[in-house]
Every structure is written in C-alpha cells, then in structure tokens.
Amino acid sequence: MYESSDLRKGLKIIIDGQPYIITEFQFSKPGKGQALYRCKLKNMITGYTMDRTYRSGDKFEPANLEERRVQYLYNDAEGYHFMDTKTYDQITLTEENIGEAKNFLQDNMEVDLLFFNETPISINLPNFVQLEVVKADPGVKGDTATGATKPATLETGYTIQVPLFIEEGEILKIDTRTGQYVERVKG
Amino acid sequence: MDVIPEATIEPFKIGDEEGPRYLLPSPEIYLKPLLSIGLERFFHIGPAFRKGEKGPIHSAEFTILEWYRGHENYTRLMEDCMGLLSSIFRAFRRSALVPDLPVLQEDASSCSEVITVEEAFTRYAGWNPLEIRNEQRFEQDIVEKIEPALSLKCIVFLIDFPCWAASLSRLKKSDERVSERFELYISGIEMANGFSELVNSAKQRARFHAENRQRISAGLDPEPLPEQFLNTLDRCPPSAGIAMGIDRLLMFLVGADSLTEIIPPFSLHEDLTSS
C-alpha cells in the first residue's frame, strides 16, 4: 500500500477498482493544519480525469500494471488476436479496447500491451508505421503547388489524406500518434 | 530535548541511547519558557525541520524567525509585522537587484488589511466555522477558497481563528468562540502565524492530550508531554509570540515561484535522502 506521503506525479493507484495515474500533484498545508495532497488523476482505461484531495493517513492500493510485448496475428469477429512473444499465450482484444490502433496494425507487427490485473487495457504502438496504399485516385495534374491532398486507403482499411503524387502500391510512413501521413518510403 | 506535541507537525527524530532527540521543528519549546524568567523581548532566527513537507511553499528544512513580547497581545505582533514589512519594502525598493514588484512601490501600511476568519469564510467559502465545527472542511477551504481569494490582495492579517484551531493560543475574552491568533498572508501566501500565548499549564496540558489523540487517530505515535515547558507556563506573564517563514518572505520579495529557488537543494530534501 502507498501512504499519502508517497503520492507524486506519475504514480499509479487504484480508485474504485480502476487504475489511475497522477498527472498533477501539489502538497499544501494550511497553517497548523493537516497536510493536503492535491492530485489530478487520469483513468488509465477511459482517460477520464478528476481532482482529488487526500490527507495524511489515507492509503492507496498500487495499480498492478504490466507491459508485455506481443505480436499481432489477425482479426476476426471475436476481436484482435495477439501472441505473447515470451510465453506464446494468445490474447484477444475487442475492437473497443483496440481503438484507433486498429488503423495501424499489420500482421506480425510487435507492439506493447498494457495489462491491469491480467486484463489488457491499452496498446502501445511504435510512433511510426509503414503501410501500403491499396487505393488512391489519380492526382489531378497542375494542382501540386498548393499542397492539395486527396484521400488514400491503406492496407489496414484506414483512409487518410495524402499529397496528390501518391499512387497505389506505394509504401507510406504514418505517425500513429496523429494518424497522419509523414512521407513516402522509397521502395 | 522535548518537542511540542502537534497533530500536524512531524519532527525528525534523531534519538540515541540517551533518549529521543529531535531536529528543532520550531523554537517555541525553549523560547517561550524565557518569558517565565522575566525576559520581555527576544527573538530566534535559524533553521527548522519538519518531516514530509515538500512543495512550492514547503520544505523539510527552512529558516524560521520567531519573536516574543511579554505583557502584550497579538495586536502588538501585527504592528511589529507592519513595522518589519515597511522597512523591508523600503530597503528592497532601493535595491536594483529585485524585480519591479508593484507592491513594493507602495507603503506597506497602505496595502494591508485585517479580516476575521468568520468574515473571510462567510465571504469566500459560504459558511461560518464559528457555527459549524468541521476541521477537514476548514483546512480544505483555506487552501482551495480563502488563499486564492487572498492572493489578489497584498498584506492580509487573517485573525481570530476558531477556538478548536487554537493550539497554543489564548481564547479571546470578549468572544470565547475564537482564539487570539492570526496568520499573516502576503499575496495569498502564509508568511507568519502569531498569537496571544496561552499561559495556563492545565489548559495547555489538556490541549496537548487532544493533539496526541489526533496523532493517534491519524496513525502517528503520541509525543511525550514536554513537562519542563508546561512547568514554566504558569509563571509567564500575558504574552504574545509569532513565527515567520523567512524563505517564503524572500521568495515573495525576489518574485520567485518556488522555495527551490531560495533554498539550496541539500541535506534533508527527500529526493536526495530517498535516492
């Protein structure tokens, strides 16, 4: 268990059965009064944030979080299937758990899964992935100077805006944090 | 050496075979008894140590200025504060080393006000702690409502704390719901805590027991009662005493945001001792 005096930015604790991370922390102590530990907390599953003030004597359960390296196998009606690269255990995440990450998953890609009490809660992708363009309309000539874009569909089914010169079959570098096109990868 | 049993101040214990010893959390334990031998005006300035205090305006080690006046009450201490601040403001105005703080351009006395705890809570927190006793809500609202409101003002004396937040201070004769205690705030930062001293050993002993009960309910060990200190109390004249945080005052005067800009990061700082 953690004590109030252990609280600090970045600490992960359980509140009402949910894992929270302390994103902001302030110690205050009114004259002759008790110490107050004021925290801004973020739910690590839902992203919900809240303010809480704690006191000396409050106790906190550490959030049992574990990161495991897994390999993406495939997806089907059940969800997205991964394999632990150490134990070869198979893990399935629902589409909801996966969120935006489904746009960037390629077969055999290695990613980190965050587990809370043995349940996978989030997926940590590499910052950049390389994906093939499977569908892109031909660019309209003569309109390249304005930085105009057109939609292109990638091998994962994800559609993004790309420069007009991009053609089907090309490999693109995508930033998974913003979901945006970065550059064309020379094939 | 003894310590004053306080529910909310945790001293560093450095006990050995000769019995428990403490780094001084506050000099009142040896200073206040000087009143009982007839000293009327004296001060102490030096380091003080409090375990677990760490934040922009808290440090486990800091510099405390404490002074006493025999045959006076807390009103005289507020005058002392104004005299001290006026001369500090004047000195800093002449110094080219400090940023151009608008408040320093004024005469300290022209930007100070006195407000009772009852007025401040009624105005800024919407309830009256003299009618409702709720320590937790009181402390939380001081931090979350009163201090932010006072931060818009220059010098504020927040006076007449509820009798249950008195600790070592005397109750007001004209209104026993409050104690003759004040906190000095500058720009919303608590700089000093002063009061008319309780000089009755029986009452003080009962309050120390109450502090120890609070310590026990907070999961802390009770402190042994400082018997020598208690023995001197009944011989003290009516008196007043105050403690001021020098580092915080300096922090304000040079326009710093945190004590880390004032106090060098050495010795008892937790990030060093715990690593």
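The coordinates are above.
Residues numbered from 1 in each chain as written. Chains lettered and ligands numbered in written order. Predicted model: local features only at pLDDT ≥ 70, side-chain atom pairs only at ≥ 80, totals over all residues. Heavy atoms only, no water.

### Comments concerning the overall build of chain A
The number of helices and strands found in chain A is one helix and 16 strands. The C-alpha atoms of chain A give a radius of gyration of 22 Å, which is well past the 16 Å a tight globule of 187 residues would have. Taking the principal axes of the C-alpha coordinates as reference, chain A spans close to 75 × 45 × 25 Å. For chain A, with 187 residues in total, the buried portion stands at 40%. (Helix = DSSP H or I, 4+ residues; strand = E, 2+ residues; numbered from the N terminus. Rg over C-alpha atoms; globule rule 2.2 N^0.38 Å. Buried < 20%, exposed > 50% of the residue type's maximum accessible area, 1.4 Å probe, protein only.)

### Concerning the pattern of salt bridges
All names here are of chain B. Counting across every chain of the model gives 28 salt bridges over all chains. For E10, the salt bridge goes to R215, with nearest N and O atoms at 2.8 Å. Here E10, found in the segment before α1 (28-31), pairs with R215, found in helix α6 (residues 201-217); they are 205 residues apart in sequence, far enough to count as distant. Accessibility expressed as a relative area gives 25% for E10, which makes it partly exposed. What you see here is one network of salt bridges that share partners, running through R69, E72, R76, E79 and D80. (Salt bridge = Lys/Arg side-chain N within 4 Å of Asp/Glu carboxyl O.)

### Overview of the packing of aromatic side chains
Here the structure, examined in full by the defined rule, presents 15 aromatic pairs over all chains. Measuring from ring centre to ring centre gives 6.4 Å for F25 of chain A and Y37 of chain A, while their planes differ by 25°; the resulting arrangement is stacked. Of the two residues, F25 of chain A sits in strand β3 (residues 18-28) while Y37 of chain A sits in strand β4 (residues 36-43), which places them 12 residues apart along the sequence. Looking at F25 of chain A, the relative accessible area reads 28%, which means it is partly exposed. For Y37 of chain A, a relative accessible area of 7% corresponds to the buried category. For the ring pair F138 of chain B and F161 of chain B, a centre distance of 6.3 Å and an interplane angle of 85° mean the geometry is edge-to-face. With a gap of 23 residues between them, F138 of chain B in helix α5 (residues 135-150) and F161 of chain B in strand β4 (residues 155-162) connect regions that are remote in the sequence. The pair formed by F138 of chain B and F161 of chain B is uniform in burial state, with each residue classed as buried. Following the ring pairs from residue to residue traces out a cluster consisting of F121, W127, F138, F161 and W164 of chain B. Directly above the aromatic system of F128 of chain A lies the positively charged group of K173 of chain A, at a separation of 4.6 Å from the ring centroid. Lying over the aromatic face of W127 of chain B, R137 of chain B brings its terminal NZ or CZ to 4.3 Å of the ring centre. (Phe/Tyr/Trp six-rings, centres within 6.5 Å; stacked < 30°, edge-to-face > 60°. Lys NZ or Arg CZ within 6 Å of the ring centre and 35° of its normal.)

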